[in-house]
Amino acid sequence: MAASDEVPVFVKPKREILSPRDLSKWEKSQAYSDYLGFVLTLNDAVKGKSMGGDYKVSEASTKLVTLLDTMESWIDEIPPTDQPQRFGNKAYRTWFEKLEQNADSLIKNLLPEKFMGASTELAAYLLDGFGNKTRIDYGTGHEACFAAFVCCLFKLRVLDQGDCVAIVFKVFHKYLELMRKLQMQYRMEPAGSQGVWGLDDFQFLPFIWGSSQLIGHPDLMPSHFPEIRAAEQNHLDYMFFDCIKFIHKMKSGPFAEHSNVLWGISSVAAWEKVNSGLIKMYKVEVLSKFPVIQHFVFGTLMSIEEADKFKKPL
């Protein structure tokens, strides 16, 4: 896209998955192909790598982290309100309104002049990436929207192949920190009755990429991750253990009871199988679930048009 001299026309994204019957249209779409390819590309990029290692951090990656830092600073400016209900603090809506007011300028700071018009599409994914203003909840659909936002920046060539490791270790790590702060400050509820379908209450992608990091590790096995001590010792280097540490912080009692699906995964013999199993689970329990995907929107960057591999030859 960015290699062409022609300036593309961008549109306001809209919903296309209006009933469960539309899921097949989504699964055959260019957007699905691009999004899943993005997730798998990042998965391959961090395979066997520690967050403490050396990797390229571009100006564009740094700008993304700065964007998230700015959003995090608003949390300190907007304290929770005193209200009777325990969950869903209404001050979150004030925070979200600030995001709505500033989204366009935040996004345009990332874009070259040629693609300023893309902010219309990018804003839809950025705004949906941090929860729902009305329900004050957050789940895997919101996480997917933020991932789609970053995927679109790759499609615009704001980011390139050399940014992949930094996107996981810097940008998504910062995104996780911001979401955890939002969840704790405003007592956000998991989106849907099962949260993230049993992994933890909110996230899925860091478990996929985190398990890829651990492939081939000489000492750390899947059986180690439920232990608090293992999480404390390894959370700075490995995203999977960072997620487990946060679960221990938020939940008490036997790990097998409060995180049953993860407990089952800990019995898998090798990280390769954990990783491939989580990718399959993500496709089925997130990307193919109507309650999650019905809110996803489509434009020119994330297109509902049928992917080339599904098109019949003339």
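Within each chain, residue numbers correspond to sequence positions counted from 1 in written order. Under the rules for a predicted model, residues below a pLDDT of 70 receive no local features and side-chain atom pairs below 80 are neither given nor counted, while totals for whole chains, interfaces and linings still include all residues. Only hydrogens and water are removed before side-chain values are computed, so all heavy atoms of the structure are retained for them.

The name given to the protein chain in an unreviewed UniProt entry is Serine/threonine-protein phosphatase 2A activator, with Porites lobata as the source organism. UniProt positions are given in the numbering used here, feature names are shortened, and annotations may be inferred rather than shown by experiment. Quoted verbatim from the Catalytic activity (unreviewed entry) field of UniProt, the annotation for the protein chain is "[protein]-peptidylproline (omega=180) = [protein]-peptidylproline (omega=0)". Of the protein chain, the UniProt comment under Sequence similarities (unreviewed entry) reads exactly: "Belongs to the PTPA-type PPIase family."

Participant: Is there a simple way to think about the overall build of the protein chain in this case?
Facilitator: A tally of helices and strands in the protein chain yields 14 helices and four strands. The globule rule puts the C-alpha radius of gyration for 314 residues at 20 Å, and the 19 Å found for the protein chain is close to it. Dimensions of the protein chain along its principal axes, counting C-alpha atoms only, are 55 × 50 × 45 Å. Across the protein chain, every contact between residues at least 6 apart in sequence was considered, and the portion connecting residues at least 24 apart equals 78%. Calculation of accessible area relied on Shrake-Rupley with a 1.4 Å probe; when residues are assessed, cover is drawn exclusively from the protein chains displayed. In the form shown here, the protein chain has an accessible surface area of approximately 14,400 Å², with 51% of it arising from carbon and sulfur atoms. Every helix listed is a DSSP run of H or I at least four residues long, and every strand listed is a run of E at least two residues long, numbered separately from the N terminus. As defined in this context, the radius of gyration uses C-alpha atoms, and a globule is described by 2.2 Å times the residue total to the power 0.38. In what follows, residue pairs with any heavy atoms lying within 4.5 Å of each other are defined as contacts.

Participant: How should I be thinking about the layout of surface pockets in this particular structure?
Facilitator: Gaps left between atoms are located by rolling a probe of water-molecule size over the structure's atoms. Of the volumes computed, that of the second largest pocket is approximately 320 Å³. Grid spacing is 1 Å over the protein atoms alone, the probe is 1.4 Å, and a cavity is where that probe fits but cannot get out, while a pocket is an open set with protein on both sides within 12 Å along at least five of seven lines and lining residues have an atom within 4 Å of a point. In terms of lining residues, the second largest pocket is bounded by 14 residues, among which F87, D201, F202, M250 and K251 are the most central. In terms of residue count, helix α10 (residues 239–250) provides more of the lining of the second largest pocket than any other element does, three residues in total. Charged residues are taken to be Asp, Glu, Lys and Arg, nonpolar residues to be Ala, Val, Leu, Ile, Met, Phe, Trp, Tyr, Cys and Pro, and polar residues to be all remaining types, Gly included. Of the residues in the lining of the second largest pocket, the class split is eight nonpolar, one polar and five charged. Grid points are joined across faces, edges and corners, and a volume is the space filled by probe spheres set on the points.

Participant: I would appreciate a short explanation of unusual backbone geometry in the present structure.
Facilitator: Negative phi values dominate among residues other than glycine, just as trans dominates among peptide bonds. Phi angles above zero are rare outside glycine, and R157 is one such case at about 65°. By the element assignment, R157 lies in the loop between α6 (140–155) and α7 (164–186). For the exposure calls, accessible area comes from a 1.4 Å probe over protein chains only, and a residue counts as buried if that area is under 20% of its type's maximum, exposed if over 50%, partly exposed in between. Given a relative accessible area of 52%, R157 falls into the exposed group. Phi at R187 is positive, roughly 50°, even though this residue is not glycine.

Participant: Is there a simple way to explain the pattern of salt bridges in this structure?
Facilitator: Close approach of charged atoms allows side chains with opposite charge to pair. In what follows, salt bridge is the name for a side-chain nitrogen of Lys or Arg lying within 4 Å of a carboxyl oxygen of Asp or Glu. Taken as a whole and judged by the stated rule, the model has 15 salt bridges. With a closest N to O distance of 3.9 Å, E59 and K63 form a salt bridge. Of this pair, E59 and K63 both sit in helix α3 (residues 59–77), four residues apart, roughly one helical turn. Linking E72 and K174 is a salt bridge whose minimum nitrogen-to-oxygen distance equals 2.5 Å.

Participant: Teacher, can you tell me more about helix α2 (residues 30–45) here?
Facilitator: Quick reminder: α-helices carry 3.6 residues per turn. Residues three or four places apart thus point the same way. What a helix is expected to span follows from its residue count: subtract one and scale by 1.5 Å. With 16 residues, α2 should reach 22 Å at 1.5 Å per residue; the first-to-last C-alpha distance of 22 Å fits that figure. Along α2, the residues classified as buried are A31, Y32, D34, Y35, L36, F38, V39, L42, N43 and A45. Buried residues along α2 sit against α1 (23–27), α6, α7, α8 (205–213), α13 (271–287) and β4 (297–298).

Participant: When you look at the packing of aromatic side chains in this model, what are you seeing that I'm missing?
Facilitator: Remark: the centre distance and the inter-plane angle together describe each pair of aromatic rings, the angle taken between the planes. Any two rings among Phe, Tyr and Trp, with Trp reduced to its six-membered ring, count as a pair given centres within 6.5 Å; such a pair is stacked if its planes are under 30 degrees apart, edge-to-face if over 60, and tilted if neither. Within the structure shown, the criterion is met by 28 aromatic pairs. Measuring from ring centre to ring centre gives 6.5 Å for F255 and W263, while their planes differ by 50°; the resulting arrangement is tilted. Look at W263 and you get partly exposed, because its relative accessible area is 42%. Put simply, the rings of W74, Y92, W95, F96, F130, F146, F149, F172, Y175, Y186 and W209 pair up and form one aromatic cluster. Charge-over-ring contacts are defined here by two conditions on Lys NZ or Arg CZ: a distance within 6 Å of the ring centre and an angle within 35 degrees of the ring normal. A cation over a ring is seen here: R180 above F246, with NZ or CZ 4.9 Å from the ring centre.

Participant: What exactly am I supposed to notice about the side chain of Q83 here?
Facilitator: One can find Q83 in the loop between α3 and α4 (91–108). Take Q83: its relative accessible area is 15%, and that puts it in the buried class. Polar side-chain contacts of Q83 include one of 3.4 Å to the backbone oxygen of Q85. Any pair of nitrogen or oxygen atoms within 3.5 Å is treated as a polar contact; in protein, a donor-acceptor pairing is required on top of that, and neighbouring residues in sequence qualify only through side-chain atoms on both sides. There is a polar contact of 3.2 Å between the side chain of Q83 and the backbone oxygen of G88.

Participant: What should I look at first to understand the nonpolar core in this one?
Facilitator: One broad rule of soluble globular proteins: the nonpolar side chains tend to lie buried together. Core analysis: the largest hydrophobic core is formed by 112 residues, its most contacted members being W95, F130 and F149. In terms of residue count, the dominant contributor to this core is α7 (13 residues). Take the buried residues of types Ala, Val, Leu, Ile, Met, Phe, Trp, Tyr and Cys, join any two whose side-chain atoms come within 4.5 Å, and each joined set is a nonpolar core.

Participant: Got a minute to help me understand the packing of α2 against α7 in this structure?
Facilitator: Each pair of packed helices gets described by two things: the angle between the helix axes and the distance between those axes. Every angle, taken between N-to-C directions, lies between 0 and 180 degrees, and every axis is a line fitted to C-alpha atoms, over only the stretch in contact when it is a helix. The geometry of α2 relative to α7 is characterised by a closest axis approach of 8 Å and an angle of 95° between their N-to-C directions. Regarding the angle of α2 to α7, the classification is roughly perpendicular. In this structure, α2 uses F38, T41, L42 and A45 to contact α7, whose residues at the interface are C164, V165, I167, V168 and F172. Residues that form the contact of α2 with α7 fall into these classes: eight nonpolar, one polar and no charged. If an angle is under 35 degrees, it is roughly parallel; if it is over 145, roughly antiparallel; if it lies from 65 to 115, roughly perpendicular; otherwise it is oblique.

Participant: Got a minute to help me understand the packing of α2 against α6 in this structure?
Facilitator: Interhelical geometry of α2 versus α6 gives an angle of 90° and a closest axis separation of 10 Å. Relative to α6, the element α2 is oriented roughly perpendicular. Contact residues: α2 offers D34, Y35 and F38, while α6 offers A144, A147, A148, V150, C151, F154 and K155. In terms of residue class, the contact of α2 with α6 is made up of eight nonpolar, no polar and two charged.

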